[in-house]
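Understanding the architecture of this molecule
Residues per chain are reported as follows:
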Amino acid sequence: MATCFTRPCLKYLLHLAQDHLEFRIPEIKALLALRAKPFNACENFKEKSPFVCLDGLSEEDVRWVMARSVCAKSAFELWGHGRTCAELQTSLSSYPSENMGPFMHKGSTYKINVYTFNKTLLFADRIKKIDALEFLPFEGSVSLKSPEHIFCLLEDYGTDPNNIPEHPDYMYFGRWIADGQRELIRSHSVKNRHFIGNTSMDAGLSFIMANHAKVHENHLVFDPFVGTGSLLVACSHFGAYVCGTDIDYNTIHGKGRSSRKNHMWRGPDENIRANLRQYGTERMYVDVMVSDASKSVWRKAALFDAIITDPPYGIRESTRRTGSHKDITKPLDVMYVESHVPVSQAYHLSDIFTDLLNFSAEHLVIGGRLVYWLPVYRPEYCDEVVPLHPCLRLISNCEQTLSSHTSRRLITMEKIKDPEELDSLAHLSDPRFSPYQGHNAFRQKYFSGLNKKSSKEDIKVDINGE
Ligand SMILES: C[S@@+](CC[C@H](N)C(=O)[O-])C[C@H]1O[C@@H](n2cnc3c(N)ncnc32)[C@H](O)[C@@H]1O
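If you look the protein chain up in an unreviewed UniProt entry, it shows as tRNA (guanine(10)-N(2))-methyltransferase TRMT11 from Gouania willdenowi. Comment text from UniProt for the protein chain, heading Catalytic activity (unreviewed entry), reads "guanosine(10) in tRNA + S-adenosyl-L-methionine = N(2)-methylguanosine(10) in tRNA + S-adenosyl-L-homocysteine + H(+)". What the UniProt record of the protein chain gives under Subunit (unreviewed entry) is the line "Part of the heterodimeric TRMT11-TRM112 methyltransferase complex; this complex forms an active tRNA methyltransferase, where TRMT112 acts as an activator of the catalytic subunit TRMT11."

Thoughts on the overall build of the protein chain
Within the protein chain one finds 15 helices and 16 strands. Within the protein chain, the fraction of its 466 residues that count as buried is 37%. Partitioning the contacts of the protein chain with sequence separation of at least 6, the portion at a separation of at least 24 is 73%.

Considering the site of the ligand
Taken together, the neighbourhood of the ligand is formed by 24 residues, with Phe 225, Gly 227, Thr 228, Ser 230 and Ala 293 sitting nearest. Sorting the residues of the shell around the ligand by element identifies helix H9 (230–237), strand E9 (241–246) and strand E12 (320–322) as the ones contributing at least two each. Classifying every residue of the shell around the ligand by side-chain character gives 7 nonpolar, 10 polar and 7 charged.

So, H9
For H9, a buried count of 8 out of 8 residues is recorded, marking the element as mostly surrounded by other parts of the structure. For H9, the full list of buried residues reads Ser 230, Leu 231, Leu 232, Val 233, Ala 234, Cys 235, Ser 236 and His 237. Check the buried side of H9 and you find it contacts helix H8 (203–212), strand E8 (220–223), E9, helix H11 (272–278), strand E10 (285–290) and strand E11 (304–309). Trailing H9 by a residue or two, Gly 239 shows a phi angle of about 90°, which is positive.

Describing the packing of H8 against H9
Running from amino to carboxyl end, H8 crosses H9 at an angle of 60°, the nearest separation of the two axes being 8 Å. By the angle class used here, H8 and H9 are oblique. Along this stretch, H8 crosses H9, giving a crossing that reads as right-handed. Of H9, the residues touching H8 (which contributes Ser 206, Phe 207, Met 209 and Ala 210) are Ser 230, Leu 231, Val 233, Ala 234 and Cys 235. Looking at side-chain class alone, the contact of H8 with H9 contains 7 nonpolar, 2 polar and no charged residues.

Examining the confidence of the model for the protein chain
Residues at a pLDDT of 70 or more form 84% of the protein chain, whose mean pLDDT is 87. Low pLDDT (under 50) marks residues 327–342, which in the prediction has 22 contacts with non-local residues, meaning those over four places away or in another chain. In this model, residues 451–466 is a region of pLDDT below 50 whose contacts with residues beyond four sequence positions or in other chains number 17 contacts.

Description of the pairing of strand E14 (residues 364–377)
Judged by how many residues are buried, E14 sits mostly within the fold: 10 of 14 residues are covered. Where E14 meets strand E16 (residues 406–415), 9 bridges bridge the pair, whose relative direction is antiparallel. When the sheet's bridge partners are listed, Pro 375 is paired in E16 with Arg 408.

Re the sheet that holds strand E7 (residues 170–179)
Judged by pairing direction, the sheet is mixed, and its 7 strands sit side by side in the order E2-E1-E3-E7-E6-E4-E5 without closing on themselves. Sheet topology places strand E2 (51–55) and strand E5 (141–142) at the edges, where each strand pairs with a single neighbour. Pairing geometry for strand E1 (residues 11–16) and E2, over 5 bridges, is antiparallel. When the bridges of E2 are listed, Leu 14 appears paired with Val 52. Where helix H3 (residues 59–66) meets the sheet, it contacts E1, strand E3 (72–82) and E7, and its direction lies at approximately 75° from that of E7.

Observations concerning the nonpolar core
Within the largest apolar cluster, 88 residues are counted, with the highest numbers of intra-cluster contacts made by Tyr 12, Leu 14, Met 209, Ala 210, Val 221, Cys 235 and Ile 308. Counting the residues that make up this core, at least three belong to each of domain 1 (7–181) and domain 2 (185–447).

Focus on H8
Think of an α-helix as turning once every 3.6 residues; residues three or four places apart then point the same way. Among the 10 residues in H8, 10 count as buried, and that is most of the element. Backbone geometry just after H8 places Lys 214 at a positive phi near 55°.

What about the environment of Lys 300?
Topologically, Lys 300 is positioned in the loop between E10 and E11. Lys 300 sits 63 residues away from His 363 along the chain, and the two C-alpha atoms are 7.1 Å apart.

Quick notes on the sheet that holds E14
The strands that make up a sheet pair up through hydrogen bonds in the backbone, lying either parallel or antiparallel. Read from one edge to the other, the open sheet built from 7 strands follows the order E10-E9-E8-E11-E14-E16-E15, with strand pairing classed as mixed. Sheet topology places E10 and strand E15 (392–401) at the edges, where each strand pairs with a single neighbour. Taking each pair of neighbouring strands and ignoring which way they run, the sheet shows an average axis angle of 15°. Sheet analysis places E9 next to E10, joined by 5 bridges and oriented parallel. Note on E10: the bridge partner recorded for Cys 243 is Asp 287. In this fold H9 packs onto E8, E9, E10 and E11, with an angle of close to 170° to the strand it touches most, E9. Against the sheet, helix H12 (residues 349–363) contacts E11, E14, E15 and E16, and its axis sits at roughly 170° relative to E14.

Overview of the packing of helix H2 (residues 24–34) against H8
Closest axis-to-axis distance for the H2/H8 pair is 8 Å, and the angle between their directions is 45°. Compared by their axis directions, H2 and H8 come out oblique. Between H2 and H8, the residues in contact are Pro 26, Glu 27, Ala 30 and Leu 31 and Ile 208, Asn 211 and His 212, respectively. Split into classes, the residues belonging to the contact of H2 with H8 amount to 4 nonpolar, 2 polar and 1 charged.

Details of unusual backbone geometry
Here Asn 118, not a glycine, exhibits a phi torsion of approximately 75°, which is positive. By the element assignment, Asn 118 lies in the loop between strand E4 (109–117) and helix H6 (123–131). Judged by the 18 C-beta atoms lying within 10 Å of it, Asn 118 falls in the partly exposed class. Positive phi is not limited to glycine here, since Asn 218 has a value of about 70°. Summarising the element assignment, Asn 218 is placed in the loop between H8 and E8.

Thresholds applied
Residues numbered from 1 in each chain as written. Predicted model: local features only at pLDDT ≥ 70, side-chain atom pairs only at ≥ 80, totals over all residues. UniProt positions renumbered as here; feature names shortened; annotations may be inferred. Helix = DSSP H or I, 4+ residues; strand = E, 2+ residues; numbered from the N terminus. Buried ≥ 20, exposed ≤ 12 C-beta atoms within 10 Å, placed from the backbone. Contact = placed C-beta atoms within 7 Å. Near = placed C-beta within 6 Å. Nonpolar A, V, L, I, M, F, W, Y, C, P; charged D, E, K, R; others polar. Axes fitted to C-alpha atoms, helices over the stretch in contact; angles between N-to-C directions. Parallel < 35°, antiparallel > 145°, perpendicular 65-115°, else oblique. Left-handed = near helix turned anticlockwise from the far one by under 90°. pLDDT = per-residue confidence, 0-100. Pairing = 2+ DSSP bridges. Core = buried A, V, L, I, M, F, W, Y, C linked by C-beta atoms within 7 Å. Domains from an automatic or database assignment.

Structure (structure tokens):
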């Protein structure tokens, strides 16, 4: 394998999944950053294309990315590409023979696959395409069952299923290197999870969040709105120690009503620790506790390598915090309170995010990342509504559409400095740091575009995608 790492001028082609469109490139960038490698996309890179070609990496870097990515399906060492068969042949002919040699010599075994995107080819047409590659100097023998080397012809027929061209828009040929971690989406599906709730985060998105947060082995990761711990499950899979808090006693202690169909009450051992046990990562479990995110219980120090969370929006769970009777000026009409906290009061979304950013600035290590979901009302959204903080640099901001008028945005920020005296008040003095005020009415706006019937249906839609 050592020969692969020393060959010059290699380019790698990643085939990206078409779901989670917006999250894909930030995921690859974060994984490369974790390895201190740059993201250098080759020319012609299009945000929506299923392919991205990367420069300046070693095969080991690419294998590392693929061992973590849930957005990338497969990776290839790119040998040639072009808009037509003739262009592909010219490109392949100019690929250095010393780069090809180690994989084509006598005595080696190989096979060639044909992958088409946005078009299905007949078997006979696939064979024709393979035959057309006979100019390549393969000296080994074909083995369909257990080849040493797998090569792929990848044809891109665009992204519009209603307008599929006869010939591909673009084609690539390369040596297969590794597949990504799409299997995690199935193996960790919430459907088969021991302990779930109404707002359990979908497995794919949880792994994407852990990747955006650059979660790494032996990191300590915290979720202040931990719920049933879906994000802790994903982070522990990548070798991080995990802990969390939630205001809801029943959630933390795995008691109360079950979210499962046909189950009235949660069974014994339905808790976050049992979820980690289910996936073989119980040793990464630190603990969870009942605590109100608006009132920090932590000593002032940089304690966490990453903070990754899905704060309440008030759609499928209440946004609330602890308070005294004195603080409450009017009855809580819209809120559903099912916890052992004796008195609670409304927790406005803008306060949730101000607190979350201040908390992260205080408790993340330098370079540590905060990853969280920000609900937005689409007709009023502009990038300026994303809350900022003097200690946190915005890394990425990716939209997941929920309905015609609402979406949530996956925000990733990185701590760049320790907070100074006035940093936690920045949101009061500078409008750039508290732009989210107008979104306090998100719940009301969420239902506003819907008539009575669809409003009921929309509540049933699982915003976590399962
Ligand atoms: C969207 S859910 C999180 C779901 C979680 N990611 C999961 O996979 O189950 C938000 C959680 O925040 C909790 N919560 C609401 N207000 C809170 C507060 N003031 N402090 C801490 N947790 C709070 C709710 O009880 C709920 O479990």
